[in-house]
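Survey of secondary and tertiary structure
If you want the building blocks of each chain, they are given just below.
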Amino acid sequence: MAQFLSSVPELMDAGLRGSRLPRGRALALRLAAIVAFLVLWSLLSGAVVVLKLFNPIFLPGPWLVLGSVLDMAVRGPLWIHLAATLERVAMGFGAGAALGVALGLAAGHLTPVRNVVEPLVEVLRPIPPLALLPMFIVWVGIGEASKIGFITYATFFPIFLTTVTGVRQIDPLLVRAAQSLGARGVALFTRVILPAALPDILTGLRLGVALAFFVIVISEFIGAEHGLGYLINDGRNFFLVPQMLGAAVVLGLLGYAGNGLVRLLERRLTRWQHPA
Amino acid sequence: MNAAATRAAALLGALALWAAVAHGNAWLGVVNPVLLPTPGEVGRVGLELAWSGELTRHFLTSLGRVAQGFGLASLAALGLGLLVAMCVPLRLMAEPVIEFVRPIPPLAFLPMFLVWFGLGEASKIAFIGYTTFFPMFVAIAASVLRVDVVLLRAAASLGASRADLVRRVVLPAALPGIVVALRVGVGLALFVIVGAEFMGADAGLGHLIMEGRTFFNPAQIVMGALTLGLLGSLINTLLLTVERRLLRWRAAA
Amino acid sequence: MMARGPKIQIQRVAKSFGAPGRAMPALEEIDLDVAEREFVCLLGPSGCGKSTLLNIVAGFLVPTTGTVLVDGRPVSGPAPERGVVFQEYALFPWLTVTGNVEFGPLLQSRPAADRRRTVDRYLDLVGLSAHADKFPVQLSGGMKQRVAIARALANNPAVILMDEPFGALDAQTREVLQDELSRIQRVEHKTILFVTHSIREAVYLADRVVVMTSVPGRIKQVFPIKLPEVRDRFAHEFTRYESDITRVLREEVAKVRA
């Protein structure tokens, strides 16, 4: 217990978060943690080799994984797979976002539309999207269309739902104030409702990006000739564990970048929420 | 027409539209009728599967895997989430490692789990555990960190020791966040179990769906998906009920 | 009255915030004694450090220099001898009114019958017996603050520290609660340190009003209030105190603006 909580004075002053560390020390701690993680991983895979616990190809060290990524990058195949995945995500997510935001705005703003669309969404939503992946394959075949269509389907739901919430949560006073200032129809929509719902819409887009990367992997496991998911499954067939882990890390970096991009957009578009 | 009626009409309309399109297609033969099963065909496949006991077997297999994987992960997430949130140095160490691992879509590790744990039950349970652990862990730790310092001060000035603070303030204050984390975890478990059962399983609803694809039986795919949706709704309703019971104090009438 | 020595002794307490080198002084050399059964109001413009001083006495903040003694013993952290009433109420939302009032006695492992009696007595004192089983979300702001006062009293602390307790309430509720607190004090005779920025409230409640300067906080002037226990907000004497203190305080507010 002694070290469990911070000391009582610290706790009373700053709460469970603790007081803010100086920047330099916080950064050093973070770097130390990452280094410790990599060292631990190396030691573990080294121990497997030395002690002959099991076949070392099952747990390659971080350097082997990095090497495999670099090798694929230099020889070129990495870029082909990366481009394939990115293209599918961009197109699928783009379509899902357009559909989700458009329908969400309509359903949020117009009660009749909401009453028609929402029940259907509520019926389909509890079904894990992956369960319908084979349906897409059966319908549109194994090609690009089924993968893109599937991402569109999967990303539609969170984006639609957050957009509806965003529109419905707008303070009615805000709308009344705008109306009393003379805003009507399209102007009311573009100048008040859209900006007020924007933070929620952007949250939905962030969820959508994450989901797109989440589901692209498995649709590339099943019948694809390119893509990072294909690389992973291909690695599994030939026991190329470094390739599997390497492709997973690259996917992580892409997801990270995608999230960062939406966050950047968020900061740009909703500066009024967090003035500097 | 009131809202409830519109909603019911929308559902019935969608069902009618599905039936009309599927039957129309069967009659006109625009595409292979197998591709567009009618509601009746889906129902028949469902009844056949239920009658032979297959549906129950697949259902229980998936449920068992979800329960074990999610159970283990939620215990780990609860213990570690509380510990890491309340111990500042540990938290600072854990944060970057989690940020490093978390953006990787869990399904990207599915083949890894098959390589490591084989095609049996262990790989599926471990994979569900892995997938659900991180989001639950992060959400639980965050809900502990959101505990208002004023409540800690109030309790301490009433004589609470550090153990009292954890037991009587931090835990109850974090409980709503913990319940939400568990609900997210269950949803995620149901999400990925399908994927895990696509790859090398001989039972489970995911396997049932994949079998439908292999034998070109879309009615079976739809049936499997609907069953999964039903399972998800049931679990969610159950958790919401528990939540309302447990958190009566949040919105008491 | 001073025979046993002051109840609270604040000795040369100073506090600055921020990293060493760039520290911003918030409090400068505060010396203040509060006698047993005395009601002292700390009054000052916002940001004058009066809440900081209260938090130091409560043990939530560690002073940069100086010490606080309660009953002659130095303060080293929060303790049940110093009950606190917060502006934000700080009720435990997962506990009923009874559960909140019972919190302190429960921590001291007092027997159930004893706890029951304590809860009944203090809920009766603040007039909330009818709401014993409600949760805080079901109460109005004024009722919440009554629960918080009952919770602090039920723990039988040596002193009570109140940090702008009525600051979040509307004007009417505020006066009602001032009346209540004054009535409770005539029954309970606690030693109270009370932070406020309302001059009226200070004159209405306090035996002594301590006016603080703006940043960094220092004691500017102390006004002993020589009015009867039961006060009349419209009495000539009352308004005289008000205008005297207003004049002193206005200089400080003007300094902040400048």
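None of the values given here were measured: they were computed from a predicted structure. (Residues numbered from 1 in each chain as written. Chains lettered and ligands numbered in written order. Predicted model: local features only at pLDDT ≥ 70, side-chain atom pairs only at ≥ 80, totals over all residues.)

**A short note on the overall build of chain C**
Quick reminder of the rule: Per the convention used, a helix needs a DSSP run of H or I reaching at least four residues, while a strand needs a run of E reaching at least two, with both numbered from the N terminus. The quantity called the radius of gyration is restricted to C-alpha atoms. Its globule counterpart is 2.2 Å times the number of residues to the power 0.38. Put simply, a residue is buried when 20 or more other C-beta atoms lie within 10 Å of its own C-beta and exposed when 12 or fewer do; between those, it is partly exposed, and each C-beta is set from the backbone. Placing a C-beta atom from the backbone of each residue, one calls two residues in contact when those atoms lie within 7 Å.
A tally of helices and strands in chain C yields seven helices and 10 strands. Against the 2.2 N^0.38 benchmark of 18 Å for 258 residues, chain C shows a C-alpha radius of gyration of 18 Å, consistent with a compact globule. Counting every position in chain C, which comprises 258 residues, the buried fraction comes to 45%. When contacts within chain C are restricted to residue pairs at least 6 apart in sequence, long-range pairs at least 24 apart make up 70% of them.

**Some thoughts on the interface of chain B and chain A**
Let me state the cut-off plainly: Polar here means any residue other than Ala, Val, Leu, Ile, Met, Phe, Trp, Tyr, Cys and Pro, which are nonpolar, and Asp, Glu, Lys and Arg, which are charged; Gly is therefore polar.
Facing 56 residues of chain B, the contacting portion of chain A comprises 53 residues. Examining the composition of the side of chain B that touches chain A, we find that 10 residues originate from one element, helix α10 (residues 218–246) of chain B, more than from any other. Along the lines of polarity and charge, the residues of the side of chain B that touches chain A split into 43 nonpolar, eight polar and five charged.

**What to know about the pairing of strand β2 (residues 24–34) of chain C**
Residues and elements named next belong to chain C. Where we set the bar: The criterion for strand pairing is that DSSP finds at least two bridges linking the strands in question.
Pairing between strand β1 (residues 8–17) and β2: seven bridges, direction antiparallel. Paired with phenylalanine 17 across the strands is methionine 24, a residue of β2. Remark: six residues form the turn of the hairpin made by β1 and β2, two consecutive strands paired antiparallel; glycine 18 in that turn has positive phi of roughly 95 degrees.

**Comments concerning the domain arrangement of chain C**
All names here are of chain C. For clarity, the threshold we go by: Where a domain begins and ends is set by an automatic assignment or by a domain database.
Its domain assignment divides chain C into domain 1 (1–81 + 159–165 + 187–258) and domain 2 (88–156). Distance between the C-alpha centres of domain 1 and domain 2: 27 Å. In this complex, domain 1 contributes four residues to the contact, which on the side of domain 2 involves five residues. Residue classes in the side of domain 1 that touches domain 2 are distributed as three nonpolar, no polar and one charged.

**A word on the packing of helix α4 (residues 77–109) of chain A against helix α10 (residues 228–237) of chain A**
Residue and element names in this part refer to chain A. To keep it simple, the criterion reads: The convention used is that axes are lines fitted to C-alpha atoms, helices contributing only their stretch in contact, and that angles between N-to-C directions extend from 0 to 180 degrees. By the definition adopted for this analysis, an angle is roughly parallel if under 35 degrees, roughly antiparallel if over 145, roughly perpendicular if from 65 to 115, and oblique otherwise.
As a packed pair, α4 and α10 sit with axes 7 Å apart at the nearest point and diverge in direction by 125 degrees. Taken together, the axes of α4 and α10 are oblique relative to one another. Contacts between α4 and α10 involve His81, Leu82 and Thr85 from the former and Leu228, Tyr230 and Leu231 from the latter. Across the contact of α4 with α10, the residue classes break down as four nonpolar, two polar and no charged.

**Comments concerning the sheet that holds strand β8 (residues 191–196) of chain C**
Residues and elements named next belong to chain C. Pairing within the open sheet is mixed, and its six strands lie in the order β6-β7-β8-β3-β9-β10. Strands with a single pairing partner mark the edges of an open sheet, and in this sheet they are β6 (82–85) and β10 (219–224). Neighbouring strand axes in the sheet, compared pairwise and without regard to direction, differ in orientation by 15 degrees on average. Sheet topology places strand β9 (residues 208–212) next to β10; five bridges connect them, and they run antiparallel.

**A word on unusual backbone geometry**
A positive phi angle, near 55 degrees, is found at Phe239(A), a position not held by glycine. Along the chain, the position of Phe239(A) falls in the loop between α10 and α11 (241–269). For Arg37(C), which is not glycine, the phi dihedral falls at a positive 65 degrees.

**Comments concerning the environment of Trp18(B)**
For Trp18(B), the position within the fold is in helix α1 (residues 3–28). In this structure, the C-alpha to C-alpha distance between Trp18(B) and Val184(B), residues 166 residues apart in sequence, is 31 Å.

**A few points about the nonpolar core**
The following threshold applies: The nonpolar core criterion groups buried Ala, Val, Leu, Ile, Met, Phe, Trp, Tyr and Cys residues into a set whenever they are joined through C-beta atoms within 7 Å.
By size, the foremost hydrophobic cluster in this structure holds 208 residues, and its most contacted members are Val57(C) and Leu193(C). Sort the elements by how many residues they give to this core and helix α8 (residues 162–198) of chain B lands first, with 18 residues. Ignoring sequence-local partners within four residues, the contact set of Leu193(C) consists of Ile8(C), Val34(C), Val40(C), Leu42(C), Leu54(C), Val57(C), Val159(C) and Leu161(C).

**Some details on helix α2 (residues 39–51) of chain B**
Residues and elements named next belong to chain B. Here is the rule we go by: What a helix should span is 1.5 Å times the count of its residues minus one. Arc definition: it is the arc formed by the directions from the helix axis to the C-beta atoms.
The end-to-end C-alpha distance of α2, which contains 13 residues, comes to 18 Å, matching closely the 18 Å that a straight helix rising 1.5 Å per residue would cover. For α2, every residue scored as buried is listed here: Glu41, Val42, Val45 and Leu49. Angularly, the buried residues of α2 cover 100 degrees about the axis, an arc narrow enough to put them on a single face. Seen from the open side of α2, the exposed residues pointing more than 90 degrees away from its buried face are Gly40, Leu47 and Trp51. For α2, the secondary structure elements touched by its buried residues are α3 (54–86) and α10.

**Looking at the sheet that holds strand β4 (residues 65–70) of chain C**
Residue and element names in this part refer to chain C. Strand order in the open sheet formed by four strands is β2-β1-β4-β5, with antiparallel pairing between adjacent strands. Two strands bound the open sheet, and with one partner strand each, they are β2 and β5 (73–74). Bridging between β1 and β4 involves five bridges; their strand directions are antiparallel. From the neighbouring strand, alanine 14 faces β4, where its bridge partner is threonine 65. The strands that helix α1 (residues 50–58) touches are β1, β2 and β4; relative to β1, the one it contacts most, it runs at about 120 degrees.

**Concerning the interface of chain C and chain B**
With 22 residues of chain C in contact, the opposing surface of chain B contributes 15 residues. Mapped by element, the contributors of at least two residues to the side of chain C that touches chain B are β6 and α2 (97–107) of chain C. Among the residues forming the side of chain C that touches chain B, the class breakdown is 15 nonpolar, five polar and two charged.

**Focus on helix α8 (residues 172–180) of chain A**
Among the nine residues in α8(A), zero count as buried, and that is only a small part of the element. Just beyond α8(A), the residue with positive phi is Gly182(A), at close to 105 degrees.

**Some words on the packing of α4(A) against helix α9 (residues 185–221) of chain A**
Residue and element names in this part refer to chain A. Stated precisely, the cut-off is as follows: Definitions for this section: a left-handed crossing has its near helix turned counterclockwise from the far helix by less than a right angle. A right-handed crossing has that turn clockwise.
Contact geometry of α4 with α9 gives a least axis separation of 9 Å together with a crossing angle of 145 degrees. The handedness of the crossing between α4 and α9 is right-handed. Two secondary-structure elements touch here, α4 through Thr85, Arg88, Val89, Gly92, Phe93, Gly96, Ala97, Gly100, Val101 and His109 and α9 through Ile193, Ile201, Gly204, Leu205, Gly208, Val209, Ala212, Phe213, Ile216 and Glu220.

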